[in-house]
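# Architecture at a glance
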Amino acid sequence: MDLNVFKLCSGLKFLGYLMILLVAAIIAVSYYVVIVLTWGPQLSHGGFRSFLSFTIILLFHILLVLLTWSYTMVVSQDPGSVPENWKPAASEENLEAGGSNHIVPDTSASSTPLDVPETRQAQASGYCRYCRNGKPPRCHHCSVCQRCVLKMDHHCVWVVNCVGAHNYKFFLLFLLYTFLETTMDTIVLLPNFMKFFKDAKGHSNSPSDLALTFLTFVLNLAFALSLLCFIIMHASLLSSNTTSVEVYGKKGGVRWKYDLGRKKNFEQVGFWHNKGTLVVPSTCQGRSGET
């Protein structure tokens, strides 16, 4: 009996759905502790305390809306699919040199039989033996999604989706907004955390509220520190137009062939454009190509 490892990997999707529920649970607990339990009641105190509470509550909701929007987009957005029977419009040499190309669907039948193993020539020309389809430069096969993804960065179990050309921007925004939210929660809950043992000894609050406050502070602190590391890592990758998959293929001291310069690297992801319009990320773009 043959064991298909890739079909086993697809079972990780179920874990991803649990992660979505975990994210929703953490948000709900943080909302209850920060807004309902801690700062909401202080709106009626008057003076600077009320103003501070109103500012914290307003900022909390703004960041919550932004991270929810970016999270929804990275979950629902297709990371980038390869058209069926894709073939490169440019020569192999130009592609390997980083030149731009266009995705041209080929409606004719593939000349490669499905039962023939992948040849060295197919590997050299960019061919996925699992999808039985052409594979553009910077495209990689995801064993969890069981398909090729354009400019694949990684498969993120937290979003039940691959992070690729079309949703990388939303993934970075989700990291940023979640980091800001968790950092703010950690700061505003710090006084309550410092009084945790005193309140627990004096029984000034209910045990459940004390436990939730302690848990929320620890969770937000852990997420903030972890997200900071991820943001630094992806900022470094973005500045050189490199994905997490490609970082191991870079050679030290040699300029990365897809590096367009920091400004154009950010433009390619879609953050801004010098004419004020967003740039659609290009999946096969090198130094000589721009979307």
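Before reading further, recall that the structure is shown in the block above.
What you see is a predicted model; the values in this text were computed from it and never measured.

Thresholds, definitions, all that
- Along each chain, numbering runs from 1 in the same order as the chain's sequence is written.
- Whole-chain, interface and lining totals are the exception, using all residues; otherwise, since this is a predicted model, local features are given only for residues with pLDDT of at least 70 and side-chain atom pairs are given and counted only at 80 or more.
- Note: side-chain values were computed over all heavy atoms of the structure, leaving out hydrogens and water.
- By nonpolar core is meant a set of buried Ala, Val, Leu, Ile, Met, Phe, Trp, Tyr and Cys residues that side-chain atoms within 4.5 Å join together.
- For every residue, the accessible area (1.4 Å probe, protein chains only) is compared with the maximum for its type, and the residue is labelled buried under 20%, exposed over 50%, or partly exposed between those bounds.
- Think of it this way: any DSSP run of H or I at least four residues long counts as a helix, any run of E at least two long counts as a strand, and we number them from the N terminus.
- Contact criterion: two residues are considered in contact whenever any of their non-hydrogen atoms come within 4.5 Å of each other.
- Pairing of aromatic side chains requires ring centres within 6.5 Å, counting the rings of Phe and Tyr and the six-membered ring of Trp. Pairs whose planes differ by under 30 degrees are stacked, by over 60 edge-to-face, and all others tilted.
- Both a distance and an angle decide whether a charge sits over a ring: NZ of Lys or CZ of Arg must be within 6 Å of the ring centre and within 35 degrees of the ring normal.
- Should a side-chain nitrogen of Lys or Arg be within 4 Å of a carboxyl oxygen of Asp or Glu, the pair is scored as a salt bridge.
- Between the first and last residue of a helix there are one fewer steps than residues, each counted as 1.5 Å, and that sum is the expected span.
- Convention adopted: a line fitted to C-alpha atoms gives each axis, helices being fitted over their contacting stretch, and angles between N-to-C directions are expressed from 0 to 180 degrees.
- Two helices that cross are described as forming a left-handed crossing if the nearer one is turned anticlockwise from the farther one by less than a right angle, and a right-handed crossing if clockwise.
- We call Asp, Glu, Lys and Arg charged. Ala, Val, Leu, Ile, Met, Phe, Trp, Tyr, Cys and Pro are nonpolar, and the rest, Gly among them, are polar.
- Roughly parallel means an angle under 35 degrees; roughly antiparallel, over 145; roughly perpendicular, 65 to 115; everything else is oblique.

## Things to note about the nonpolar core
Formed by 20 residues in total, the largest nonpolar core has its most connected members in Tyr71, Val74, Tyr168, Phe171 and Leu172. Looking at this core, the elements that each hand over two or more residues are helix H3 (47–76), helix H6 (168–194) and helix H8 (207–239). When residues in this core are grouped by element, the largest group, nine residues, is from H6. Here Phe171 is in contact with Val74, His154, Cys156, Val163 and His234, once residues within four sequence places are set aside.

## Quick notes on the side chain of Thr213
Looking at the secondary structure, you find Thr213 in helix H8. The exposure class assigned to Thr213 is buried, which follows from its relative accessible area of 10%. Residues contacting Thr213, with those up to four places away along its chain left out, are Val33, Leu37 and Asn192.

## Overview of the packing of aromatic side chains
All told, the structure shown has six aromatic pairs when counted by the stated rule. Aromatic pair Trp158 and Phe223: ring centres 6.0 Å apart, planes at 80°, arrangement edge-to-face. One end of the pair, Trp158, is in the loop between strand S7 (154–156) and strand S8 (161–163); the other, Phe223, is in helix H8, and 65 residues separate them in sequence. You can call Trp158 partly exposed: its relative accessible area is 30%. Residue classification places Phe223 among the partly exposed positions, given a relative accessible area of 26%. Members of the aromatic cluster, connected to one another through ring pairs, are Phe193, Phe214 and Phe217. For the cation-ring pair, Arg138 lies above Tyr258, with the distance from its terminal atom to the ring centre recorded as 4.2 Å.

## Examining the environment of Pro88
Tracing the backbone through its elements, the reader meets Pro88 in strand S1 (residues 86–88). Taking the C-alpha atoms as reference points, Pro88 and Lys135, 47 residues apart in sequence, are found 8.7 Å from one another.

## Examining the pattern of salt bridges
Counting across every chain of the model gives two salt bridges. Arg147 is paired through a salt bridge with Asp78; the nearest N and O atoms lie 3.4 Å apart. Residue Arg147 is located in strand S6 (residues 147–149), and its partner Asp78 is located in the loop between H3 and S1; the two are separated by 69 residues in the primary sequence. A relative accessible area of 23% places Arg147 in the partly exposed class. Looking at Asp78, the relative accessible area reads 37%, which means it is partly exposed.

## Overview of H3
Between its terminal C-alpha atoms H3 stretches 44 Å, which fits the 44 Å expected from 30 residues at 1.5 Å a residue. Here H3 has its buried residues at Ser50, Ser53, Ile56, Ile57, Phe60, Leu63, Leu64, Leu67, Ser70, Tyr71 and Val74.

## Description of helix H9 (residues 262–269)
Considered for burial, the residues of H9 that qualify are Asn265, Glu267, Gln268 and Val269. Those residues of H9 hidden inside the fold are in contact with H6 and H8. Residue Gly270 follows H9 closely and has a positive phi angle near 110°.

## Details of the packing of H6 against H8
Across the interface, H6 lies against H8 with an axial gap of 7 Å and an inter-helix angle of 145°. As for the relative orientation of H6 and H8, their crossing is left-handed in sense. When its residues are assigned to classes, the contact of H6 with H8 shows 20 nonpolar, nine polar and one charged.

## A look at the environment of Gly80
In this fold, Gly80 is placed in the loop between H3 and S1. With near-sequence residues (within four places) excluded, Gly80 lies in contact with Cys148, Val149, Leu150 and His166.

## Regarding unusual backbone geometry
A positive phi angle, close to 55°, is found at Arg132, a residue other than glycine. Mapped onto the fold, Arg132 is located in the loop between strand S3 (127–128) and strand S4 (133–134). Since its relative accessible area comes to 26%, Arg132 is described here as partly exposed. The phi dihedral of Lys151 falls on the positive side, at around 45°, and the residue is not glycine. Residue position: Lys151 is located in the loop between S6 and S7.

## Some words on the packing of H3 against H6
It is at 8 Å that the axes of H3 and H6 come closest, and there the two elements cross at 150°. Relative to H6, the element H3 lies roughly antiparallel. In this structure, H3 meets H6 at a crossing whose hand is left-handed. Across from Ile56, Leu59, Phe60, Leu63, Leu64, Leu66, Leu67, Trp69, Ser70, Tyr71, Met73 and Val74 in H3, the residues of H6 making contact are Phe170, Phe171, Leu173, Phe174, Tyr177, Thr178, Leu180, Glu181, Met184, Asp185 and Val188. Of the residues contributing to the contact of H3 with H6, the split by class is 19 nonpolar, two polar and two charged.

Such coordinate-based values are descriptive only and should not be taken to indicate function.
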